[in-house]
Each structure stands twice: as structure tokens, then as C-alpha cells.
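Letter by letter, the chains look like this.
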Amino acid sequence: MPVNPTIQFYLNQFQNQLSTTYDQLDPFELRRQEDAMMTRFQHKEHVHEVEERVIVLPDRSLPIRIYRSGRTIAPALVYYHGGGYVTGSLDTHDAICRTIANEADCTVISVGYRLAPEHKFPTAVYDSYETLVWIADHTSELQIDAERLAVGGDSAGGTLATVCALMAIERGRPLVMHQLLFYPVTGTEENLPLSLIDYANGYLLDEGLIRWFQQQYFHDESELMHPYASPIFSDHLGDLPPTTLLTAEYDPLRDLGRAYANKLISLGVPVMYQNYDGLIHGFVNYYTYVPEARRAVKEAAQSLGHAFHTQKTRP
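Conventions and cut-offs
- Residues numbered from 1 in each chain as written.
- Predicted model: local features only at pLDDT ≥ 70, side-chain atom pairs only at ≥ 80, totals over all residues.
- Heavy atoms only, no water.
- Helix = DSSP H or I, 4+ residues; strand = E, 2+ residues; numbered from the N terminus.
- Expected span 1.5 Å × (residues − 1).
- Buried < 20%, exposed > 50% of the residue type's maximum accessible area, 1.4 Å probe, protein only.
- Arc of directions from axis to C-beta.
- Contact = heavy atoms within 4.5 Å.
- UniProt positions renumbered as here; feature names shortened; annotations may be inferred.

Which residues make up helix 2 (residues 27–40), and what are the values?
For helix 2, which comprises 14 residues, the first-to-last C-alpha distance of 20 Å matches the rise-based estimate of 20 Å (1.5 Å per residue) to within 8%. Turning to helix 2, its buried residues are Pro27, Leu30, Arg31 and Met38. Down the axis, helix 2 shows its buried residues gathered within 100 degrees of arc, on one side only. Those residues of helix 2 that are buried lie in contact with helix 8 (207–217).

Got a sec to walk through the side chain of serine 110? Specific residues and values, please.
On the secondary structure map, serine 110 appears in strand 4 (residues 107–111). Here serine 110 falls in the buried class, since its relative accessible area comes to 0%. Those residues within four positions of serine 110 in sequence are excluded, and the remaining contacts are Pro63, Ile64, Arg65, Tyr67, Tyr79, Leu90 and Cys97.

An account of the UniProt feature "domain: Alpha/beta hydrolase fold-3" (unreviewed entry) in the protein chain is requested, with residue identities and associated values reported.
In the numbering adopted here, UniProt assigns the feature "domain: Alpha/beta hydrolase fold-3" (unreviewed entry) to residues 77–284. Helix makes up 36% of residues 77–284 and strand 21%, and the two end C-alpha atoms of the span are 16 Å apart.

So what's going on with helix 10 (residues 291–310)? Which residues, and what values?
Within an α-helix, residues lying three or four positions from one another point in the same direction, as the helix has 3.6 residues per turn. Over its 20 residues, helix 10 extends 28 Å from the first C-alpha to the last, a length consistent with the 28 Å expected when each residue adds 1.5 Å. Within the span of helix 10, buried status applies to Ala293, Ala296, Val297, Ala300, Ala301, Ser303, Leu304, Gly305, Ala307 and Phe308. Buried positions along helix 10 lie against strand 3 (74–80), helix 3 (94–104), strand 5 (144–154), strand 6 (178–182), strand 7 (243–250) and strand 8 (271–280).

Structural data, given as C-alpha cells:
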């Protein structure tokens, strides 16, 4: 099916706003523009409580935002925002966190990890994992269920989520019982997946912008093969918890997400995988005014809620 008409209108409006000469693109200006645009068009659902906190880690402090649905000792999703490791913030993903908290009847904790190019790989990884550990160590204070802790995120945030689940396996803590991944960047075992060819241009996230994000975050191309950058190369995939993974038809990274889902399935990991027709990369940021994207977000949140209420924790 064709690109969703509302999203196509959006693409037509913004296709000339971002310069295709990426060597001239200022990451700080892009961050400012995306923050302004993405916060302007959000419809924020009411949630029972929103709390801003700053957590203290051994050598730094990081902001988190806690969304509570109203349940006492609730299951919790630790959420990592997308943005190519360069853009995105607690504010740009405020609406999606509110919706997930309501739809999954859980607490959502959004993580403000540090961004590139100021903080290159693997800074975001360790910020994300150490925040997850901090949350697991403070479950009583946060009023969350230590045995029902999940990770999730979109795009680069989806990568951070699954990498955190892998690091938890490697290091023996904390226990992660589910992962919710929106079009994660998982790396590829293929030379060039078809979606990277078919949708290389014209769908907001294009080939040049992908390379530009990589240049901002990584020191060199060799880091792209590290399992903390491309988790499909991890030796611990078969130990991952049950997974909900969503991709979009017109996303150049679609086949990476699909291959990751298939890899997990082949290793015995329970996976609920769904590809959504007519949508593009980043659809969680448009869900408030694109009904099809909203349906995808709600279905994902409901899958998470079902896992929280039926899935047994692993030993």
C-alpha cells in the first residue's frame, strides 16, 4: 500500500527543510529544531502522576521522568528515546511514554542519556545500562515491581533497550522480563538488505542521514560491528526475554528489525513481530495525528501489558 497520506503530507512539507549536504549539518541546530517540532505537535494524555528526577551515578548525574498509571507497586518499562544518538529528549518522547503508561497500566521511566557528538559510543550504552541498574536497585522507592521490569525504545533507543537487556544477561543483573522495540537499529548479517536500497531516499530517514548519525556517534566504522552497536552480533541473543518488535513498511531499517526478530525466533526467544503498512521510520512521533500509527503504538503497549500480567519471570 502507499505511504499513509497524512505522513506523505508531512514528508512533502519537510523534504526541503533538511539540507542533503550533510557535511554542513549542525548537530546542535538539528537537535534544537527537532525538539521544537516534536514537542509542538504532541497530544499529551493525562496520566496519574509525572515525576521529574535526577539520579546520581558514580561519575555523573542523569535526568529521568517517571510516568505512573496509578497502580501501587506497578510493573515498569524503562524507555529510551530515539534520535540517532544525536537528537531526542525526555520532552520529545513525553507523549509516547504517557500513552504506554496508560495502555499497559504500568509505570514508564524515560531515560535522559547523554548524546553525541559531545558523548560518543559507547557513552549512551553505559548511561542506559547503569540507569537500568539504578532503577532495579531502587524499586521500593520507585514503587515498582522488581520482578516485572521491561526495557523499550524506538530507533536508536530500541537499540539501547535490547543492548541493555544483553548487558543484564552478561553481568547477571538486573532481571529483564520483556523488551518492547520500535524499529530498532540492530545491525545486519547481510551485505545490503533490500529495504536499505528501496527506501534509501524520500522517507525522512535516508541513506545520507543514517551515515551522518553514524559519524556523529561512532569514532570509526569498526565500532559498527560491536554487539553494543549492532546487537545481532551478540553471543547472548538466545537468552533474551520475550520481545515485542515493530517495524514500518517504508523504513530503510525495516529489514534489519525483521532479521533481528527472525534471529531471536530461531534461537527460541518468543517474539511478537508486526510490520505496519504505510508507515515510515519514526512513526511513534506522529501517532497523535496518524490513526494507523496510533493503532500500532496501542497494540504494542497492549502486548507489553499482556506480558506484564501473564508472563512468568525467568529464574
